[in-house]
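Listed below are the residues making up each chain.
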Amino acid sequence: MSLLPDGGLSLNVALSKSNLVLTKSEISSGDAELAAHVEKPPVPPPSPFPEGGLQAWLTVLGGSMILFCTFGAVQSFGVYQAYYSSHYLSQYAASDISWIGSLQTFLLFAGGLPAGKLFDEGYFHHCIGAGSLIYLLSIFMLSLAKPHQYYQIILAQGIGMGIGMGLLFLPAISVTSHYFRRRRAAAMGVVLAGSSLGAVIYSIMLNNLFNGSAGFGWGVRAAAFIDLGLLGTANLLMKTRLPSRRERPGAKPVDVKAILSDLGYWLCVIGATLTFWGLFVPFFYLQVFSEKHGLSKNIGFYAIPIMNASSLFGRTIPNFLGDVIGPFNVMIPCTVISGGLLFLMFAATNLGGTIAFGILYGFFSGGFISLITPAAASFSRDLNEIGTRIGITSFVIAFALLTGNPIAGALVQVNGSYIWYRPLVFASVVVLAGAACLTAARSILSERKNTNRL
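These remarks concern the structure in this document. Throughout this document, residue positions are counted from 1 along each chain, in the order its sequence is written. Only residues with pLDDT of 70 or above have their local features reported here, since the model is predicted, and side-chain atom pairs are shown and tallied only from 80 upward, although totals for entire chains, interfaces and linings are computed over all residues. For the side-chain quantities, the full set of heavy atoms in the structure was used; hydrogens and water were omitted.

1. Let's talk about helix α18 (residues 386-412)
Stated formally: Strands are runs of DSSP state E lasting at least 2 residues, helices are runs of H or I lasting at least 4, and numbering of each runs from the N terminus. Expected helix span is given by 1.5 Å per residue-to-residue step, counting one fewer step than there are residues. Exposure is judged per residue with a 1.4 Å probe applied to protein chains only, and the accessible area is read against the type maximum: over 50% gives exposed, under 20% gives buried, and values in between give partly exposed.
Between the first and last C-alpha of α18 there are 39 Å, a value that for 27 residues agrees with the 39 Å anticipated at 1.5 Å per step. For α18, the buried fraction is high: 20 of the 27 residues fall into the buried class.

2. A word on the packing of helix α4 (residues 77-88) against helix α13 (residues 281-292)
Short version of the rule: Lines fitted to the C-alpha atoms define the axes, with helices restricted to the stretch that makes contact. Angles between their N-to-C directions range from 0 to 180 degrees. An angle below 35 degrees is treated as roughly parallel, one above 145 as roughly antiparallel, one from 65 to 115 as roughly perpendicular, and anything else as oblique. Two helices that cross are described as forming a left-handed crossing if the nearer one is turned anticlockwise from the farther one by less than a right angle, and a right-handed crossing if clockwise. Every residue pair with non-hydrogen atoms within 4.5 Å of one another is taken to be in contact. For this classification, Asp, Glu, Lys and Arg are treated as charged, while Ala, Val, Leu, Ile, Met, Phe, Trp, Tyr, Cys and Pro are nonpolar and the rest, including Gly, are polar.
Where α4 meets α13, the closest approach of the two axes is 7 Å, and the angle between their N-to-C directions is 45°. The pairing of α4 with α13 is recorded here as oblique in orientation. The two elements α4 and α13 meet at a crossing, and its hand is right-handed. Contact with α4, carried on its side by F77, G78, V79, Q81 and A82, involves F283, F284, Y285, Q287 and V288 of α13 and no other residues of that element. Tallied by class, the residues present in the contact of α4 with α13 amount to 7 nonpolar, 3 polar and no charged.

3. Here we look at the packing of aromatic side chains
Counted only if it meets this: Any pair of Phe, Tyr and Trp rings, taking the six-membered ring for Trp, is counted once the centres come within 6.5 Å. Such a pair is stacked with planes under 30 degrees apart, edge-to-face with planes over 60 apart, and tilted for the rest. Whether a charge sits over a ring comes down to the Lys NZ or Arg CZ being within 6 Å of the ring centre and within 35 degrees of the ring normal.
Throughout the structure, instances matching the rule amount to 36 aromatic pairs. With a centroid separation of 5.2 Å and 70° between ring planes, the pair formed by F106 and F399 is classed as edge-to-face. With F106 in helix α5 (residues 94-110) and F399 in helix α18, the pair connects residues that are 293 residues apart, well separated along the chain. By relative accessible area, which is 41% here, F399 ends up partly exposed. Taking 5.6 Å as the distance between ring centres and 55° as the angle between the ring planes, the aromatic pair formed by F109 and F276 counts as tilted. Taken together, the positions of F109 in helix α5 and F276 in helix α12 (residues 263-279) put the pair 167 residues apart, joining distant regions of the chain. Ring-pair connections join several aromatic residues into one group, and the members of that group are F71, F109, F169, F276, F280, F283, F357, Y361 and F368. If you follow R221 out to its NZ or CZ, it ends over the ring of W218, 4.5 Å from the centre. Looking at R389, its charged tip hangs above the ring of Y265, at a distance of 4.9 Å from the centre.

4. Looking at the nonpolar core
Condition: We call a set of buried residues a nonpolar core when its members are Ala, Val, Leu, Ile, Met, Phe, Trp, Tyr or Cys and they connect through side-chain atoms within 4.5 Å of each other.
Membership of the largest hydrophobic core comes to 116 residues, with the highest contact counts inside it found for F71, Y84 and F328. Looking at this core, the element that brings in the most residues is helix α8 (residues 150-174), giving 10 residues. Those residues within four positions of F71 in sequence are excluded, and the remaining contacts are L108, F109, F169, L192, S195, F280, R315 and I369.

5. Section: the environment of Y179
Note the following rule: Counted as a polar contact is a pair of N or O atoms within 3.5 Å, where, for protein atoms, one must be capable of donating a hydrogen and the other of accepting one, and residues adjacent in sequence contribute only when both atoms are in side chains.
Take Y179: it is sitting in the loop between α8 and α9 (184-210). As for Y179 and G52, which are separated by 127 residues in sequence, their C-alpha atoms are 6.8 Å apart. A polar atom in the side chain of Y179 sits 2.8 Å from the backbone oxygen of K239.

6. What to know about the packing of helix α16 (residues 327-344) against helix α17 (residues 351-377)
Angle between the axes and distance between the axes are the two parameters that describe a pair of packed helices. At a minimum axis separation of 8 Å, α16 and α17 run at an interaxial angle of 145°. Note on packing geometry: the crossing formed by α16 with α17 is left-handed. Each of P327, F328, V330, M331, C334, T335, I337, S338, L341, L342 and L344 in α16 lies in contact with α17, whose residues at this interface are F357, L360, Y361, F364, S365, G367, F368, L371, I372, P374 and A375. For the contact of α16 with α17, a count of residues per class yields 18 nonpolar, 4 polar and no charged.

7. Thoughts on the side chain of N405
Secondary-structure assignment places N405 in helix α18. Residues within four places of N405 in sequence aside, it is in contact with S98, S102, F280, V281, F284 and Y285.

8. Here we look at the environment of F364
Mapped onto the elements, F364 comes out in helix α17. Spatially, the C-alpha atoms of F364 and R315 are 8.6 Å apart, while their sequence positions differ by 49 residues. Other than its neighbours up to four places away in sequence, F364 contacts C334, I337, S338 and L341.

9. Focus on the side chain of S132
One can find S132 in helix α7 (residues 124-142). Overall, the relative accessible area of 5% leaves S132 in the buried class. Setting aside residues no more than four positions away along its own chain, S132 makes contact with L168, L231 and N235.

10. Here's the deal with the pattern of salt bridges
Quick note on the threshold: The salt bridge criterion pairs a side-chain nitrogen of Lys or Arg with a carboxyl oxygen of Asp or Glu, the two atoms within 4 Å.
Scanning the model with the defined rule gives 5 salt bridges in all. Note that R448 is salt-bridged to D262, the shortest N-O span being 2.6 Å. Within this pair, whereas R448 is found in helix α19 (residues 421-449), its partner D262 is found in the loop between α11 (256-260) and α12, the two being separated by 186 residues in sequence. Of the charged contacts in the structure, one is a salt bridge between E385 and R389, with a shortest N-O distance of 2.9 Å. In terms of burial, E385 and R389 fall into one category: buried. Sharing partners across several salt bridges, the network here consists of D262, R381, E385, R389 and R448.

11. Quick word on unusual backbone geometry
For H148, which is not glycine, the phi dihedral falls at a positive 65°. By secondary structure assignment, the location of H148 is in the loop between α7 and α8. A positive phi angle, near 55°, is found at N450, a position not held by glycine. Tracing the backbone through its elements, the reader meets N450 in the segment after α19.

12. Quick notes on a nonpolar patch on the surface
Note the cut-off: What goes into a patch is any residue over 30% in relative accessible area without a salt bridge, connected to like charges within 9 Å or, for nonpolar side chains (Val, Leu, Ile, Met, Phe, Trp, Tyr), within 5 Å. Using a 1.4 Å probe, accessible areas were evaluated by the Shrake-Rupley method; residue-level cover was limited to the displayed protein chains.
A grouping of V336, F343, F346, Y421, V425, V429 and L432 is seen on the molecular surface, where their side chains present a nonpolar patch of about 590 Å² in accessible area. Taken together, the elements giving at least two residues each to the nonpolar patch come down to α16 and α19. In terms of residue count, the dominant contributor to the nonpolar patch is α19 (4 residues). Inspection of the secondary structure puts V425 in helix α19. A relative accessible area of 32% means that V425 is categorised as partly exposed.

Listed below in structure tokens is the structure:
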């Protein structure tokens, strides 16, 4: 038996180490080769909606300005109702006067059908430009109306301003869908909050001007000059982002037949119509109600601004929550609470009751008003349907807004005396019936989308 010399042993160890290193290199090389052949996971495409950005929020700001001038004027009509009843149209019944505001509101919503179609076809700037001119011309004409001339007021305020509002209202809300999807309800809520701010400012300003040295004519002109500045700025700020249907020759046409046969959607529309039938009764009559119950004129003046100030928060906070848990899940409780609160208007016969009712009703009714649009849009199967569905919803709702307040006026005033329980019971019942229909619509949509986040 012979042993290898030390040198041979060292050589063998060195070779072994060399072989070991080579083996690791080979393995590393093989791993790199294998990794090169492994398919990398696909990068998800960027969202087609920016969900923010400078132009997106400028467009939201412009929409808020339009709602400030239009829907803000609708919500401050209670000031006109009180002033017309005691001064300008004192020989007319409350229901006759309320037809002016109801016709204006009807045209604001009914105009959503043609305006929605024009918006989908790419005529956004044509709509808001023409609407701004008609609205401004009409409000300046209203400032020239003479006392006890009903036809002059209904032509300028009811028809003229109403047509202008109809061309402005729906495009100002719908254009936010070009920039937001995940945060759409919140963006629409910010736009609608402009109407509450407008209602607060107009209610306080007009009450003081109408009953002060300025009088009716200059009070209306002051509002008109504010509208001129805001609508002009809004026309410059707002821009569309997505190509219209006529700019996309291969775009799928809107399936109107599918929309008309969508049971869940129509339950939502019926629910919204019933709710709007009674929802605006306090906005028209709270000031008159407080004054008829012996409260001072100053308290009556601020009853509607308090309600609209609370509505400002009601149109933003529920919408941010709606983006998290779904618009229906927030809107339905707001509707039920609004229906119940209408009975509490009976308690608004003193300062504390008036303030409490105004704050609570303004907040919860504002939650419904701001969430019905994204709720109706949630039935859309395609982005192209949003304008059409919102337009149809607005058109049907318009008939409730046309008749709701005159019905309340006919119920409240009998032979010159006011019987308040009749319009309040009517309003509460129809709002609660609307909440029941909205609950059924949510159930159908939940089954269709297989989710409770609606």
